[in-house]
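Fold and contact review
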Amino acid sequence: MAERNIKIAPSILSADFGQLGSQVKAVSDAGADYIHIDAMDGHFVPNLSLGPDLVAAIRPYSDKVFDVHLMLEKPDPFIPAFAKAGADIITVHAECNPHLHRTLTLIKDAGKKVGLAINPSTPIEVLTPIIDQLDLILVMTINPGFGGQKFIPTMLPKISAVRQMITETGRDIDLEIDGGVYPETTAPAAVKAGANVLVSGTGIFKAEEGYEHAIRALRAA
């Protein structure tokens, strides 16, 4: 895959929440393409984080794409609020409810790009009926809920299979991965498998060499 197609999405779940605005600005200035924002409800995943008000609060600090990942058991009521707060892409989980078509239509009707995430144990066949609605597919390479987990190696064949599905549509759909992404190890393998959007929290916000070096190293994958 051409290097120019690789997009880096720092996950602010690993940022210092006491300095969130300045850190969002710093990673934006350091070369991030997307700002990845995880919203969690304590039900779909065992953690709580980041509602629409926080998205609105940090929106003035960056003109980058706000890539909002809703790890919510019932996302539909919150989609308009996240859209209004400044999300550019809204991603929901395939596992969140049995009415995916309706949920994805809500995102589209809000004027936002449509993303769908699948957990490590979810088969890719769930994508088949709705892939034509999607602008982004997120393959979770960890079990969602917490940062700092290790990349699950068996997700590499899954990434390849999803990339093949995307190619067969003839559409320009981003293939994003999230979890355990580091420049020296997992990022090159994931890019080789077909990923073109790399979400990294700890790998960027905790990098000793600084944000710009970490983003540059990931892009070089």
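For the structure, see preceding data.
This section reports on the structure supplied with the text. Quantities reported herein were computed from a predicted structural model and do not represent experimental measurements.

What about the side chain of Lys112?
As for its placement among the helices and strands, Lys112 is situated in the loop between helix H4 (100-109) and strand S6 (113-118). Buried Lys112, no salt bridge; nearest opposite-charge side chain is Asp88, N-O distance 5.0 Å. Excluding residues within four positions of it along the chain, Lys112 makes contact with Ala83, Ala87, Asp88, Ile90 and Ile107.

Topic: the packing of aromatic side chains
For the coordinates displayed, the defined rule picks out one aromatic pair. For the pair Phe205 and Tyr211, a centre-to-centre distance of 5.4 Å together with 70° between the ring planes defines the contact as edge-to-face. Of the two residues, Phe205 and Tyr211, neither departs from the other in class, the shared state being buried. When the ring centre of Phe66 is taken as reference, the NZ or CZ atom of Arg59 above it lies at 3.6 Å.

Overview of the pattern of salt bridges
Inspection of every chain in the model, using the stated rule, returns six salt bridges. The partner of Asp29 in a salt bridge is Lys25, and the shortest N-O contact between them spans 2.7 Å. Taken together, the residues Asp29 and Lys25, both in helix H1 (residues 20-29) and four residues apart, mark about one turn of the helix. Asp88 is paired through a salt bridge with Arg59; the nearest N and O atoms lie 3.0 Å apart.

A few points about the nonpolar core
One finds Ile12, Ile137 and Leu198 to be the most contacted residues of the largest nonpolar core, which totals 62 residues. If near-sequence neighbours (up to four positions away) are discounted, Leu198 is found in contact with Ile6, Lys7, Ile8, Ala9, Ile177, Val181, Ala187, Val191 and Leu218. Membership of the second largest hydrophobic core comes to 10 residues, among which are Ile89, Leu136, Ile142 and Val197.

Cut-off values and rules
Residues numbered from 1 in each chain as written. Predicted model: local features only at pLDDT ≥ 70, side-chain atom pairs only at ≥ 80, totals over all residues. Heavy atoms only, no water. Helix = DSSP H or I, 4+ residues; strand = E, 2+ residues; numbered from the N terminus. Buried < 20%, exposed > 50% of the residue type's maximum accessible area, 1.4 Å probe, protein only. Lys, Arg positive; Asp, Glu negative; His and termini not counted. Salt bridge = Lys/Arg side-chain N within 4 Å of Asp/Glu carboxyl O. Contact = heavy atoms within 4.5 Å. Phe/Tyr/Trp six-rings, centres within 6.5 Å; stacked < 30°, edge-to-face > 60°. Lys NZ or Arg CZ within 6 Å of the ring centre and 35° of its normal. Core = buried A, V, L, I, M, F, W, Y, C linked by side-chain atoms within 4.5 Å.

The analysis is restricted to geometry; functional conclusions fall outside its scope.
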